[in-house]
Amino acid sequence: MESTMGQSIKTRSIFSFLKYLYGLHQRNSLYMKRLKALKHIIQHNDLHTYFQPIVDLQSKQTMGFEALNRPVPSVLFNSVDQFYEFVGQTDCVFLFECFCRNLSLQRFKERMHKDVKDTNFLVFLNIHPNVLVDKKYHSGETLQLLKELGIKPQQVVFELTERSAVIDFEEFERVLSHYRSQGYRIAVDDVGSGYNSLKTLIYLKPEFIKLDRSLIQFIDQNSEQQQLVTLLMKYAEQVKTKIIAEGIERQEELDYLHRIGIHYAQGYAIGKPSKEIHLGKIRVGDHEDRGSH
């Protein structure tokens, strides 16, 4: 009896170990397929680039666009979030970030309509903070590309997207001062999402604070969200920073944000991300306007 039980336990253990090995093989195989796909994307510029307008809520004029790079749908990546999560697990983060930066700038220039080409729109580029402090990142390369494209550094805003990456604030502040001296500006994304602390805003002193969509959705109905946004507006006024409200999808949200004096707005209610560059369309009260900065 004991021998039979022992044999049964041994069989189950072997089966569990083989199952583990099979799962490990499957995961490694999927990783390698995804890595190959990522390198193919970089080599062949195989990303879709979309531009979403950002509008001055008071003047109703488009002031800039956020560049958004999305992979071509495939069986290897179920979603955009899964794709970017995978990129972060590889040693290609730096290479991919530089690739996205260059691709965004090139397509921004290519897709600008003739009637607004001379307008100095801002372009917001999502960048991992670690890339800016990486010794391999040569800001002169970006300046050279901008010169070739005819884009001024003052038009480029580095939008810091990694929610918990900044550790050495003093070093990062020094690095940002270097970029600002060349004309670039800084935006901090996802403010109010629970990840970015006040310390981030105090040390980085961004030219733009982008309020997370969780603060904006149904703000016209939520007094707690209204109070927090009011506090952030007071802070922004004191440090001469501009606020961009993201994720605006309802006219009621737009009307409320306009009424309290938010500087800039971004969201489906103003303009969806598009491969072509389109000016934002804004309606406040009974007036609708579409214009350029």
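Because the structure is predicted, anything quoted here is derived from the model rather than measured.

## Here we look at the nonpolar core
Here is step 1 of the chain: Leu105, Phe108, Leu132, Val156, Leu211, Leu257 and Ile262 are the most contacted members of the largest nonpolar core, which totals 55 residues.
Here is step 2 of the chain: Top contributing element to this core by residue count: helix 6 (residues 169-181), with 5 residues.
Here is step 3 of the chain: The contacts of leucine 257, once residues within four sequence positions are left out, are Leu57, Ile216, Ile219, Ala245, Ile248 and Ile262.
Here is step 4 of the chain: The next biggest cluster of nonpolar side chains, apart from the first, holds 15 residues, and it includes Leu35, Leu38, Phe77 and Val87.

## Examining the packing of aromatic side chains
We describe a pair of aromatic rings using the distance from one ring centre to the other and the angle between the two ring planes.
Here is step 1 of the chain: A complete count under the given rule lists 15 aromatic pairs for this structure.
Here is step 2 of the chain: Aromatic pair phenylalanine 51 and phenylalanine 108: ring centres 5.9 Å apart, planes at 50°, arrangement tilted. Placement of phenylalanine 51 in strand 1 (residues 47-56) and of phenylalanine 108 in helix 3 (residues 93-110) is noted, with a sequence separation of 57 residues between them. Of the two residues, phenylalanine 51 and phenylalanine 108, both sit in the buried class.
Here is step 3 of the chain: Linked through ring pairs, Tyr31, Phe77, Phe83, Tyr84, Phe86, Phe96 and Phe99 together constitute an aromatic cluster.
Here is step 4 of the chain: The ring of phenylalanine 124 has lysine 210 sitting right over it, with the charged end atom 5.3 Å from the ring centre.

## A short note on the pattern of salt bridges
Here is step 1 of the chain: Inspection of the entire model under this criterion finds 10 salt bridges.
Here is step 2 of the chain: Taken together, the salt bridges that share partners define one network made up of Glu66, Glu159, Lys210 and Glu246.

## Let's talk about the environment of isoleucine 270
Here is step 1 of the chain: For isoleucine 270, the location among the structural elements is in the loop between strand 8 (264-265) and strand 9 (281-284).
Here is step 2 of the chain: In this structure isoleucine 270 comes out as buried when scored by relative accessible area, which is 4%.
Here is step 3 of the chain: Here the alpha-carbon distance between isoleucine 270 and isoleucine 282, two residues 12 residues apart in the chain, equals 5.4 Å.
Here is step 4 of the chain: The contact partners of isoleucine 270, leaving out residues within four places of it in the chain, are Val55, Ile248, Leu254, Ala265, Gly280 and Lys281.

## Overview of the pairing of strand 2 (residues 62-71)
Here is step 1 of the chain: With 9 of 10 residues buried, strand 2 lies mostly within the body of the structure.
Here is step 2 of the chain: Two elements, strand 1 and strand 2, share 9 bridges in a ladder whose sense is antiparallel. Residue threonine 49 lies in a different strand from strand 2, and its bridge partner there is asparagine 69.
Here is step 3 of the chain: When strand 2 meets strand 3 (residues 122-127), the two strands line up parallel, connected through 4 bridges. Bridging across to strand 3, phenylalanine 65 finds its partner in valine 123.

## Side note on the environment of valine 87
Here is step 1 of the chain: Along the chain, the position of valine 87 falls in helix 2 (residues 80-88).
Here is step 2 of the chain: For valine 87 and leucine 35, which are 52 residues apart along the polypeptide, the C-alpha to C-alpha distance reads 8.4 Å.
Here is step 3 of the chain: If we ignore the near neighbours within four places in the chain, the residues touching valine 87 are Leu38, Val93 and Phe96.

The rules behind the values
- Residue numbers run consecutively from 1 along every chain, following the written order of its sequence.
- Only residues with pLDDT of at least 70 get local features here, since the model is predicted, and only at 80 or more are side-chain atom pairs given and counted; chain-wide, interface and lining totals rely on the full set of residues.
- Note that water and hydrogens are dropped before the side-chain values are worked out from all heavy atoms of the structure.
- To qualify as a nonpolar core, a set must consist of buried Ala, Val, Leu, Ile, Met, Phe, Trp, Tyr and Cys residues joined through side-chain atoms within 4.5 Å.
- Using a 1.4 Å probe on the protein chains alone, a residue whose accessible area is under 20% of its type maximum counts as buried, one over 50% counts as exposed, and one in between counts as partly exposed.
- Counting from the N terminus, the helices are DSSP H or I runs at least four residues long and the strands are E runs at least two residues long.
- Every residue pair with non-hydrogen atoms within 4.5 Å of one another is taken to be in contact.
- Centres within 6.5 Å make a pair out of two Phe, Tyr or Trp rings, where for Trp the six-membered ring is used; the pair is then stacked when the planes are under 30 degrees apart, edge-to-face when over 60, and tilted otherwise.
- Look at NZ for Lys and CZ for Arg. If either is within 6 Å of the ring centre and within 35 degrees of the ring normal, a charge sits over the ring.
- Salt bridge criterion: a side-chain nitrogen from Lys or Arg within 4 Å of a carboxyl oxygen from Asp or Glu.
- Think of it this way: DSSP has to see at least two bridges between two strands before they count as a pair.

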